Amino acid sequence: MERIQMPDWITRKRNGESLAEEEISALIRAYTLGEIPDSQMAAWLMAVFFQGMNAQETLALTRCMVDSGLRLDLSGLGCPRADKHSTGGVGDKTSLVLAPLVAAAGVAVPMISGRTLGFTGGTLNKLESIPGFRVDLTVPEFQRVLEKVGCAMIGQTAELAPADRKIYALRDATSTVECIPLIVASILSKKLVEDLDALVLDVKFGSGAFMPSAEKAAELAGKLVEVANSFGTRTCALLTDMNQPLGAAIGNALEVSEAIEALQGGGPADFVGLCEDLATYMVVLALPQEDPEKVRQRISKLMSSGKALEYFGRMVEAQGGDPRIVDHADLLPRSRHQHVVRAASPGYLAEAGARGLAIASMNIGAALNDPAVGLVVHKKVADLVEKGEPLCTIHYNKEALLSQVLPSVEMSFRIRQEKVQPPALVAGIIGAKPGK
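The shown structure was predicted, so the numbers you read here are calculated from the model rather than taken from an experiment. (Residues numbered from 1 in each chain as written. Predicted model: local features only at pLDDT ≥ 70, side-chain atom pairs only at ≥ 80, totals over all residues. Heavy atoms only, no water.)

Engineer: Would you explain the overall build of the protein in this entry?
Structural biologist: When helices and strands are tallied, the protein shows 16 helices and 13 strands. For 436 residues, the compact-globule estimate of 2.2 N^0.38 gives 22 Å, and the protein sits close to it at 22 Å. Reported as C-alpha extents along the three principal axes, the dimensions of the protein are approximately 70 × 45 × 40 Å. Evaluated residue by residue, the protein yields a buried proportion of 56% over its 436 residues. In the protein, the proportion of contacts linking residues at least 24 apart, taken out of those at least 6 apart, comes to 78%. Carbon and sulfur atoms make up 50% of the accessible area of the protein, which amounts to about 17200 Å² in all. (Helix = DSSP H or I, 4+ residues; strand = E, 2+ residues; numbered from the N terminus. Rg over C-alpha atoms; globule rule 2.2 N^0.38 Å. Buried < 20%, exposed > 50% of the residue type's maximum accessible area, 1.4 Å probe, protein only. Contact = heavy atoms within 4.5 Å. Areas by Shrake-Rupley, 256 points an atom, 1.4 Å probe, with all protein chains shown as cover.)

Engineer: What's the story with the pattern of salt bridges in this structure? I'm lost.
Structural biologist: Any two side chains of opposite charge can pair, on the condition that their charged atoms come close. Scanning the model with the defined rule gives 26 salt bridges in all. For Asp-270, the salt bridge goes to Lys-380, with nearest N and O atoms at 2.9 Å. With Asp-270 in helix H12 (residues 269-286) and Lys-380 in the loop between strand E9 (374-377) and strand E10 (384-385), this pair connects stretches of sequence that are 110 residues apart. Residue Asp-270 is classed as partly exposed on the basis of its relative accessible area, which comes to 22%. (Salt bridge = Lys/Arg side-chain N within 4 Å of Asp/Glu carboxyl O.)

Engineer: Quick question: what am I supposed to make of the packing of aromatic side chains here?
Structural biologist: Geometrically, a pair of aromatic rings is defined through the distance of the ring centres and the angle of the planes. This structure, assessed with the given rule, holds 1 aromatic pair. Lying across the ring of Tyr-31, Lys-166 places its NZ or CZ 4.5 Å from the centre. (Phe/Tyr/Trp six-rings, centres within 6.5 Å; stacked < 30°, edge-to-face > 60°. Lys NZ or Arg CZ within 6 Å of the ring centre and 35° of its normal.)

Engineer: I'm lost on the packing of helix H9 (residues 180-191) against helix H10 (residues 214-230) in this one. Help?
Structural biologist: In a packed pair of helices, the relevant descriptors are the angle between the two axes and the axis-to-axis distance. Taken N-terminus to C-terminus, the directions of H9 and H10 make an angle of 45°; their axes are 10 Å apart at the nearest point. Comparing their axes, H10 and H9 come out oblique. Crossing angle aside, the handedness with which H9 passes H10 is right-handed. Contacts between H9 and H10 pair Ile-180, Ile-183, Val-184, Ile-187 and Leu-188 from the former with Lys-216, Glu-219, Leu-220, Lys-223, Leu-224, Val-227 and Ala-228 from the latter. When the residues that make up the contact of H9 with H10 are grouped by side-chain class, the tally is 9 nonpolar, no polar and 3 charged. (Axes fitted to C-alpha atoms, helices over the stretch in contact; angles between N-to-C directions. Parallel < 35°, antiparallel > 145°, perpendicular 65-115°, else oblique. Left-handed = near helix turned anticlockwise from the far one by under 90°. Nonpolar A, V, L, I, M, F, W, Y, C, P; charged D, E, K, R; others polar.)

Engineer: How should helix H5 (residues 94-104) be read in this particular structure?
Structural biologist: An α-helical turn contains 3.6 residues, so a residue and the one three or four places further along point in the same direction. A large share of H5 lies buried, amounting to 11 of its 11 residues. Of all the residues in H5, the buried ones are Thr-94, Ser-95, Leu-96, Val-97, Leu-98, Ala-99, Pro-100, Leu-101, Val-102, Ala-103 and Ala-104. A positive phi of about 95° marks Gly-106, the residue just after H5.

Engineer: For this particular structure, what's the right way to read unusual backbone geometry?
Structural biologist: It is generally the case that most residues other than glycine have a negative phi and that most peptide bonds are trans. Even without being a glycine, Asp-195 presents a positive backbone phi close to 60°. Within the secondary structure layout, Asp-195 lies in the loop between H9 and strand E4 (198-205). A relative accessible area of 23% places Asp-195 in the partly exposed class.

Engineer: Before we go on, may I ask you to explain the sheet that holds strand E13 (residues 426-431) in this structure?
Structural biologist: Pairing between the strands of a sheet comes from backbone hydrogen bonds, and it takes one of two forms, parallel or antiparallel. Strand order in this open sheet of 4 strands is E1-E4-E5-E13, and the pairing throughout is mixed. Both edges of this open sheet fall to strand E1 (82-86) and E13, since each of them pairs with a single strand only. Pairwise comparison of adjacent strand axes, ignoring direction, gives a mean angle of 15° for this sheet. Sheet strands touched by H10: E4, strand E5 (234-241) and E13. Its angle to E5, the strand with the most contacts, is close to 165°. Sitting on the sheet, H12 is in contact with E1, E4, E5 and E13, with an inclination near 150° to E4. (Pairing = 2+ DSSP bridges.)

Engineer: Any chance you could explain the nonpolar core here in plain terms?
Structural biologist: Looking at soluble globular proteins, one finds that nonpolar side chains tend to be buried together. Membership of the largest hydrophobic core comes to 121 residues, with the highest contact counts inside it found for Val-97, Ile-130, Leu-188, Val-203, Phe-312, Ile-394 and Phe-413. When residues of this core are assigned to their parent elements, the largest contribution, 12 residues, is made by H12. Beyond its immediate chain neighbours, meaning those up to four positions away, Phe-312 contacts Leu-96, Pro-100, Ile-130, Ile-260, Leu-263, Ile-325 and Val-326. Core analysis: the next-biggest nonpolar cluster, separate from the first, contains 27 residues, Trp-9, Ile-24, Leu-61 and Cys-64 among them. (Core = buried A, V, L, I, M, F, W, Y, C linked by side-chain atoms within 4.5 Å.)

Engineer: So what exactly am I meant to see when it comes to the sheet that holds strand E8 (residues 347-352) here?
Structural biologist: Read from one edge to the other, the open sheet built from 3 strands follows the order E10-E8-E12, with strand pairing classed as antiparallel. The sheet is open, and its two borders are formed by E10 and strand E12 (413-416), each paired with just one other strand. Pairing analysis gives 4 bridges linking E8 to E12, with the strands arranged antiparallel. Among the inter-strand pairings, Ala-352 is bridged to a residue of E12, identified as Phe-413. Along the sheet, helix H16 (residues 399-412) contacts E8 and E12; its crossing angle with E12, the most-contacted strand, is approximately 35°.

Engineer: I keep staring at the state of the cysteines and nothing clicks. Help me out?
Structural biologist: Here, disulfide denotes a covalent bond that connects the sulfur atoms of two cysteines. Tallied over the full model, the rule gives 0 disulfides. Counting only cysteine sulfurs, Cys-64 is the nearest neighbor of Cys-179, a cysteine outside any disulfide, at a range of 16 Å. Free of any disulfide, Cys-275 has its nearest neighbouring cysteine sulfur in Cys-151, separated by 14 Å. (Disulfide = S-S within 2.5 Å.)

Below, the structure is given as structure tokens:
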């Protein structure tokens, strides 16, 4: 076993030197076991934040974090497995649709999800707004739900990638989240333990994402795809625009309701379209012999027919939730008050700032773990707007908080007289293409 030399490893990384795989392995093992204090690990993370890691180091870090705990064996399911991961966005509730949708298409979805980080919403927080829904399943319970339904959505357990669980918390506390090698290892360590055949990544950019530009998003996506493929998991990444919210709803219960609407055959066009894009890639990468166009048609039919909704209801019930929500959205938490923000002038919507709207949702009560609060945006960029027309509805429970967030919500919308070109939601694709 490599001797622990933490001061030397910190110094070398601070000076821009690289560490060998056995050194990274010893570091990760020792920290996971509690043999390295948070103070030293925080210093090493900060050195990595500023100096980065080369491709070999990033691959080694990912492998060590994957191997820090249990790796699932899901071969007994008798069908291919696929998952999706988003780097975090405003109004991004695609996972709630994708898990049952892809399961309905014959591909199992073992999804390990995360919580709210910064201003971006977390899938687990959304699921917990469903009365009774359990995200804390044990590994055997997780496997039983997968066998019964074909999909399951849980949080990270103590057995799965425990190194990431510990390091992720420290990164959040030390402002070292936005570091590409650390992001790559963190994301993939949770996904590669799932025994996947295919992985689709939704790497977001813009004001409502951690990656500010499409160029930085492409850099992250390229490294994610490269590392995941090296593990034998067929992987691709979509680069998606997060300068405005995805869909209409921002807020836990509101987003669950919108996901159910999409599974009923409705929902906002941008949200539904992205769900169908991601689901198509998940299925075709898991079943590469399938024709992409036929898969896309099947996915669309599973959405419009309500078949995917059946799988969602079965998953909710299997994880302890109230399955009646698929037909009775009023069983979800609902705010006591609503306030409509209206357009002060006519024109075309030029901006619906995702970050400002997300922060407003947090400040209206989401940060206080109130699942009922949030925003519903009624217009998309390039839409024609009449004076006095609703731009957004704020759902809130505490009167005192409304006055605090109202100015920032109003400032998030910008209207201009000249016609505006609607932005493309998917800016590019990196990695394996369907049919390849």
